[in-house]
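# A closer look at the structure
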Amino acid sequence: MENNVQRRIDTLSGHLLLPPETDHRRLRPILLRGEPLRVAQAEPVVIGGMVLDIHATPSTPAKPRTTTPGTVCYVLGGVARNIAECMSKFGKKPFMISAVGFDVAGNLLLEHWKSAGLSMEGIRKGQDIMTAVVCSIFDNSGEVAAGVASVEVIEKFLTPEWINLFKYNICSAPVLMIDANLSPHALETSCKLAAESGIPVWFEPVSVAKSRRVASVVKYITFASPNEDELISMAKALSSRNMFGSIQKYNTLDTSNSVESLLQVLQPAIWVLLEEGIENVMVTLGSNGVFLCSKSTLSFMKIGLKRTNGHGFSGELYKSVNSSCPPDQSPSALQSERSSKFVTLHFPAIHAIVQRLTGAGDCLVGGTISALSSGLNLVQSVAVGIAAAKAAVESETNVPSKYNLATISDDAGSVYSAAKVLSH
């Protein structure tokens, strides 16, 4: 009897896109109990770091070689983890692929993930894993003044073999988000799996040093979200031409420069990324907002992603944002299919009462992907992302405990109506 059941399981597994490494015996208890196999919903997959952040904020200017009074707190972090949590606040159930240990930091991260009702199947856990930890010291403005990162565990344990175990999740996702904490081999494995099924890939550079890892996977990337420094680093990794000296110099200039002047300085680096195959480059500019760049206006106006989920909060988000950000009222230049070298759309930042800046970029990405996965177009989605980032900087945690739909919709509408085309 058991041999017959096993043969049926082996036959069934061939139709489920299960990787060859999967132990088919894990399915046996499910079938013997008569429980139906559930097909996963099309939810985004996020691969990268889960990190415990230690935030230290001195109450007086810090002095070298001595301690300074202030506050120290634990904050759940990691670029990929923050993005995934942000998406969960928008009603998504992202499938997280990461690695943590059974230590204090890992237990805090896992307990929160479990309490949020999110899948822990893709999170590699083990006694031999030391969970990633980042300690940051902030200045009075909320910016990071100094920090130490211990995140080697992500490269060591998020291996291509582990990622391959979740081929089905990746191949059925509306979008794959990868952060550059992954090793080059793990990045390439993730991107190739997505490419097999035509799944768009979002690349989050993480840092200047790690952003250079884009070189091995650039041909697979649909979206990238560097800040100014990461943009330059990525362009240098992809080009042998020495044409970015003036961009480095810009960082020392007064921020009162117009966004048009800033774009002129950043254009050579943006063009390198677009020429190498990245379809959409979203450059984060802090208080100067966001540049959204592409070779074609059609990318901006394309409606959402192929496999979208319009139920629950996602459906409400879609209806509300379509009302506050009408797709037929986008910047007029976007209605044309013709463009010059490339087209850039500038979105302004929203005034916020700043508490912490560490989660802003991650929530910008998380909000944008959530909106895309709800069926909104890219322009509408970036407006939602900026609204999500505003809520993040006003929170003491990297990701707000909750997003208010009406506030997000109103803030997105303000950004959307103020967006303008700078090059076309």
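Residues numbered from 1 in each chain as written. Predicted model: local features only at pLDDT ≥ 70, side-chain atom pairs only at ≥ 80, totals over all residues. Heavy atoms only, no water.

Scanning the protein for helices and strands turns up 17 helices and 14 strands. A buried classification covers 53% of the 424 residues belonging to the protein. Partitioning the intrachain contacts of the protein with sequence separation of at least 6 by distance along the chain shows that 73% fall at a separation of at least 24. When the accessible surface of the protein is summed, it comes to about 19,200 Å², and 53% of that surface belongs to carbon and sulfur atoms. (Helix = DSSP H or I, 4+ residues; strand = E, 2+ residues; numbered from the N terminus. Buried < 20%, exposed > 50% of the residue type's maximum accessible area, 1.4 Å probe, protein only. Contact = heavy atoms within 4.5 Å. Areas by Shrake-Rupley, 256 points an atom, 1.4 Å probe, with all protein chains shown as cover.)

Moving on to the packing of helix H16 (residues 378–393) against helix H17 (residues 405–418). Between H16 and H17, the shortest axis-to-axis distance is 8 Å and the interhelical angle comes to 120°. Considering their axes alone, H16 and H17 lie oblique with respect to each other. In the packing of H16 onto H17, the handedness of the crossing is right-handed. Here Val379, Gln380, Ala383, Val384, Ile386, Ala387, Ala388 and Lys390 of H16 come into contact with H17, specifically with Ile408, Asp411, Ala412, Val415 and Tyr416. (Axes fitted to C-alpha atoms, helices over the stretch in contact; angles between N-to-C directions. Parallel < 35°, antiparallel > 145°, perpendicular 65-115°, else oblique. Left-handed = near helix turned anticlockwise from the far one by under 90°.)

Our next topic: the confidence of the model for the protein. Residues with a pLDDT of 70 or more make up 80% of the protein, whose mean pLDDT is 85. When the criterion is pLDDT under 50, residues 7–40 qualifies, and its contacts beyond four places in sequence or with other chains add up to 28 contacts. Counting contacts from residues 248–256, a segment whose pLDDT is below 50, to residues more than four positions away or on other chains yields nine contacts. (pLDDT = per-residue confidence, 0-100.)

A separate point is the packing of aromatic side chains. This model, assessed by the stated rule, comprises five aromatic pairs. Where Phe90 meets Phe313, the ring centres are 6.0 Å apart and the plane angle is 80°; that geometry is what we call edge-to-face. One end of the pair, Phe90, is in the loop between helix H3 (79–89) and strand S4 (95–101); the other, Phe313, is in helix H14 (residues 312–324), with 223 residues separating them in the sequence. Residue Phe313 is classed as partly exposed on the basis of its relative accessible area of 21%. Between Phe90 and Tyr403, the ring centres sit 4.7 Å apart and the planes meet at 35°, which makes this aromatic pair tilted. Taken together, the residues span a long stretch of sequence, with Phe90 in the loop between H3 and S4 and Tyr403 in the loop between H16 and H17 at a distance of 313 residues. Comparing Phe90 with Tyr403 shows no difference in burial state: the two are buried. (Phe/Tyr/Trp six-rings, centres within 6.5 Å; stacked < 30°, edge-to-face > 60°.)

This part takes up the pattern of salt bridges. All told, the structure shown has eight salt bridges when counted by the stated rule. We note a salt bridge from Glu196 to Lys167, for which the minimum N-O separation is 3.7 Å. Here Lys167 lies in helix H7 (residues 167–171) and Glu196 lies in helix H8 (residues 184–196), a separation of 29 residues in the sequence. Its relative accessible area of 54% is what places Glu196 among the exposed residues. Judged by relative accessible area, Lys167 falls into the partly exposed class, the value being 28%. (Salt bridge = Lys/Arg side-chain N within 4 Å of Asp/Glu carboxyl O.)

With that settled, consider the pairing of S4. In terms of residue burial, S4 counts as a mostly covered element, since seven of its seven residues are buried. Taking every second residue as pointing to the same face, both faces of S4 are buried, with Phe95, Ile97, Ala99 and Gly101 on one and Met96, Ser98 and Val100 on the other. In this structure, strand S1 (residues 45–47) lies alongside S4, joined through three bridges in parallel fashion. Looking at S4, one finds that Val46 is bridged to Met96. As paired elements, S4 and strand S5 (residues 123–126) share four bridges and run parallel to each other. Among the inter-strand pairings, Ala99 is bridged to a residue of S5, identified as Arg124. For the handedness criterion, the β-α-β arrangement of S4, helix H4 (residues 104–115) and S5 is classed as right-handed. (Pairing = 2+ DSSP bridges. Right-handed = clockwise from strand over helix to strand, strands pointing away.)

Moving on: helix H12 (residues 259–275). Across its 17 residues, H12 extends 23 Å between first and last C-alpha, which sits within 8% of the 24 Å expected from 1.5 Å per residue. Most pronounced at Leu266, the bend in H12 amounts to some 50°, and the proline Pro268 follows within four residues. Taken together, the buried positions of H12 are occupied by Val259, Leu262, Leu263, Leu266, Ala269, Ile270, Trp271, Val272, Leu273 and Leu274. Following H12 by one or two positions, Gly277 has its phi on the positive side, about 120°. (Expected span 1.5 Å × (residues − 1). Bend = angle between axes of the 7 residues up to and from the residue.)

Moving on, we get to unusual backbone geometry. Trans peptide bonds make up most of the peptide bonds, and negative phi angles are found at most residues other than glycine. The backbone of Arg65 sits at a positive phi, close to 65°, despite the residue not being glycine. At Val206, a residue that is not glycine, the phi angle is positive and equals roughly 75°. Relative to the helices and strands, Val206 is located in the loop between strand S9 (201–204) and helix H9 (208–211). By relative accessible area, Val206 is classed as partly exposed at 23%.

The subject of this paragraph is the side chain of Ser211. Its place among the elements puts Ser211 in helix H9. Ser211 sits in the buried class, given a relative accessible area of 0%. A distance of 2.7 Å separates a polar side-chain atom of Ser211 from the backbone oxygen of Val208. Beyond its immediate stretch of four places on either side in the chain, Ser211 contacts Phe203, Pro205, Glu230, Ser233 and Met234. (Polar contact = N/O pair within 3.5 Å; in protein donor to acceptor, adjacent residues only side chain to side chain.)

For the pair H3 and helix H15 (residues 360–373), interaxial distance at closest approach is 8 Å and the crossing angle is 45°. Relative to H15, the element H3 lies oblique. Considering the relative orientation of H3 and H15, their crossing is right-handed. Contacts between H3 and H15 involve Val79, Asn82, Ile83, Cys86 and Met87 from the former and Asp362, Cys363, Val365, Gly366, Gly367, Ile369 and Ser370 from the latter. A per-class count over the contact of H3 with H15 returns seven nonpolar, four polar and one charged. (Nonpolar A, V, L, I, M, F, W, Y, C, P; charged D, E, K, R; others polar.)

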